[in-house]
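# Examination of the molecular architecture
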Protein chains: 2
Amino acid sequence: MPDGRNTSAHHGESLLFLTDEQLRQGIEAMFFAYRGFTADPDRILADMAYGRAHHRAIHFINRAPGTTVNNLLNILGVTKQSLNRVLRTLIDQGLVESKVGKIDKRERHLFLTEEGHKLEQALSDAQRARMRSAFRDAGPEAVAGFRTVLEAMMDTEMQHAYTRLKETGS
Amino acid sequence: MPDGRNTSAHHGESLLFLTDEQLRQGIEAMFFAYRGFTADPDRILADMAYGRAHHRAIHFINRAPGTTVNNLLNILGVTKQSLNRVLRTLIDQGLVESKVGKIDKRERHLFLTEEGHKLEQALSDAQRARMRSAFRDAGPEAVAGFRTVLEAMMDTEMQHAYTRLKETGS
DNA sequence: AGTATAAGTCAGCCTTGTTGACATTCCAAG
DNA sequence: CTTGGAATGTCAACAAGGCTGACTTATACT
């Protein structure tokens, strides 16, 4: 973490000078792109009794099988009550399994069932298809830049969560 | 639009081959970054009687003053009723002004009042600060890539809306 | 034994999205 | 000039998914 690297606004260099217009375009790009990003899974979920919140839970349980409720809470950034409502329906419907911890029996470890995996596949297939198409159209250098900027835009705790998940990656 | 450029999955080149793991990281980056993206304005709005929906309306009215309700509807991608609820509170609170169209009197043209501009400034200052910091940390090539990928991720109609807004830029 | 932690639950509230039905105003085509 | 359709506004009802606050249960730690 270099100190004072970006404290001065004007160096007379285009490298560090960013107009409000450029920033505004970035803001709008985020807004429109996020709509596209969620559109395909949303369409699948619309026919079912589930929403975007269920998708997020399923995604991260699949990503980190055996994760605890508390862990998921931190990653998703919602309240226990909010997550519990979602989790309860997923468990009731047999998409998620909750197992009492061996070391600490207060904890519940979450796993996708066979059925849960099927829905996860359907949802992430749709989302990956769009991401793949965007990545291919944009090319590898653009993809690297994309990830660099997004990472810099995260809150610090989320950067850590993101990095931890990356390192867990197959 | 070159035909058949990305139809084949395997060229034996890293250029076009994208693993599910890479795509999943992109998906998670989008998720965590969008949280950061909205966090600062959300904090400001939490103290007031407004939410993210008000922010979006204010942003695009500021961006394209005199826009019609229908136009805004298309950009925001919500129903007339949903937007109307937001718009009504903004008009009642004196942040937005609605003027009957001169050519077509059915249309309402929307403008920010002095007060509306103040809130818009506060919100976009916060959001731009984060975007600026992320852009600086990432560097200009990364920023270019970021925008290329986001644009490729949008639905076609939103690409058009985005481009139209860009060309309107000061 | 007493405190802290993990999880679950109940109740109630808010924002923001949805549908459906309907009124108004006005342009434009027949 | 009339009529159909477009743009807008409004009412009502509902659902998802956030939130807070209060409380219970089980377990772990000190």
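Scoring rules and cut-offs
- Residues numbered from 1 in each chain as written.
- Chains lettered and ligands numbered in written order.
- Predicted model: local features only at pLDDT ≥ 70, side-chain atom pairs only at ≥ 80, totals over all residues.
- Heavy atoms only, no water.
- pLDDT = per-residue confidence, 0-100.
- Helix = DSSP H or I, 4+ residues; strand = E, 2+ residues; numbered from the N terminus.
- Contact = heavy atoms within 4.5 Å.
- Near = heavy atom within 4 Å.
- Polar contact = N/O pair within 3.5 Å; in protein donor to acceptor, adjacent residues only side chain to side chain.
- Nonpolar A, V, L, I, M, F, W, Y, C, P; charged D, E, K, R; others polar.
- Salt bridge = Lys/Arg side-chain N within 4 Å of Asp/Glu carboxyl O.
- Buried < 20%, exposed > 50% of the residue type's maximum accessible area, 1.4 Å probe, protein only.
- Buried area = accessible area lost by both parts, 1.4 Å probe.
- Pairing = 2+ DSSP bridges.
- Axes fitted to C-alpha atoms, helices over the stretch in contact; angles between N-to-C directions.

## Remarks on the confidence of the model for chain A
All names here are of chain A. Mean pLDDT for chain A: 90, with 90% of residues reaching 70 or above. Considering each helix and strand of chain A separately, the mean pLDDT is smallest for helix α7 (residues 156-168), with a value of 93, and largest for strand β3 (residues 108-112), with 98. Across residues 1-13, confidence stays below pLDDT 50; counting only partners more than four residues off in sequence or on other chains, it has 9 contacts.

## With respect to the protein's contact with DNA strand D
Close contacts around DNA strand D come from 25 residues, with Arg56(A), Thr79(A), Arg85(A), Asn70(B) and Lys80(B) the closest. Sugar and phosphate atoms represent 57% of those atoms of DNA strand D found within 4 Å of the protein. Measuring from a phosphate oxygen of DNA strand D, one finds a backbone N or O atom of Ala53(A) at 3.4 Å. Elements represented by at least two residues in the surface near DNA strand D include exactly α2 (52-63) and α4 (80-92) of chain A together with α3 (69-76) and α4 (80-92) of chain B. For the surface near DNA strand D, the residue count by class is 4 nonpolar, 10 polar and 11 charged.

## A word on the pattern of salt bridges
Two side chains that carry opposite charge are able to pair once their charged atoms sit near each other. The tally for this structure, following the rule as stated, stands at 24 salt bridges over all chains. One salt bridge in this structure joins Asp42(A) and Arg52(A), with 2.6 Å as the shortest N-O distance. Within this pair, whereas Asp42(A) is found in helix α1 (residues 20-46), its partner Arg52(A) is found in helix α2, the two being separated by 10 residues in sequence. The class for Asp42(A) is partly exposed, based on a relative accessible area of 23%. A salt bridge links Asp104(A) to Arg106(A), with the shortest nitrogen-to-oxygen separation between them at 2.9 Å. The exposure class of Asp104(A) is partly exposed, given its relative accessible area of 24%. Residue class for Arg106(A) comes out exposed when judged on its relative accessible area of 69%. One salt-bridge network, in which partners are shared between bridges, spans Asp20(A), Asp125(B), Arg128(B) and Arg132(B).

## A short note on the protein's contact with DNA strand C
Residues in close proximity to DNA strand C total 25 residues, the closest being Lys80(A), Gly51(B), Arg52(B), Arg56(B) and Arg85(B). For DNA strand C, the backbone makes up 57% of the atoms found within 4 Å of the protein, where backbone means sugar plus phosphate. In this structure, Asn70(A) approaches DNA strand C through a main-chain N or O atom, which is 2.7 Å from a phosphate oxygen. Between DNA strand C and Gln81(B), the relevant distance is 3.0 Å, taken from a base oxygen to a side-chain nitrogen or oxygen of the residue. Looking at the surface near DNA strand C, the elements that each hand over two or more residues are α3 (69-76) and α4 of chain A together with α2 (52-63) and α4 of chain B.

## Remarks on the interface of chain B and chain A
Every contact between the two is made by 64 residues of chain B and, on the other side, 64 residues of chain A. Taking both sides of the interface into account, the surface hidden between chain B and chain A amounts to around 6700 Å²; carbon and sulfur atoms contribute 67%. Inspection of the region where chain B meets chain A yields 10 salt bridges. Scanning the region where chain B abuts chain A turns up 17 residue pairs in polar contact (both at pLDDT 80 or more). At the level of elements, α1 (20-46), α2, α3, α5 (114-138), α6 (140-153) and α7 (156-168) of chain B are the ones that each hand at least two residues to the side of chain B that touches chain A.

## Concerning the sheet that holds strand β2 (residues 96-100) of chain A
Residue and element names in this part refer to chain A. One open sheet holds the 3 strands; their spatial order is β1-β3-β2, and the pairing between them is antiparallel. Taken across any chain shown, the strands that pair with only one partner, and hence form the sheet edges, are β1 (67-68) and β2. Across 5 bridges, β2 lies against β3 in antiparallel orientation. Paired with Lys 99 across the bridge in β3 is His 109. Along the sheet face, α2 touches β1, β2 and β3 and points at about 100 degrees away from the line of β3.

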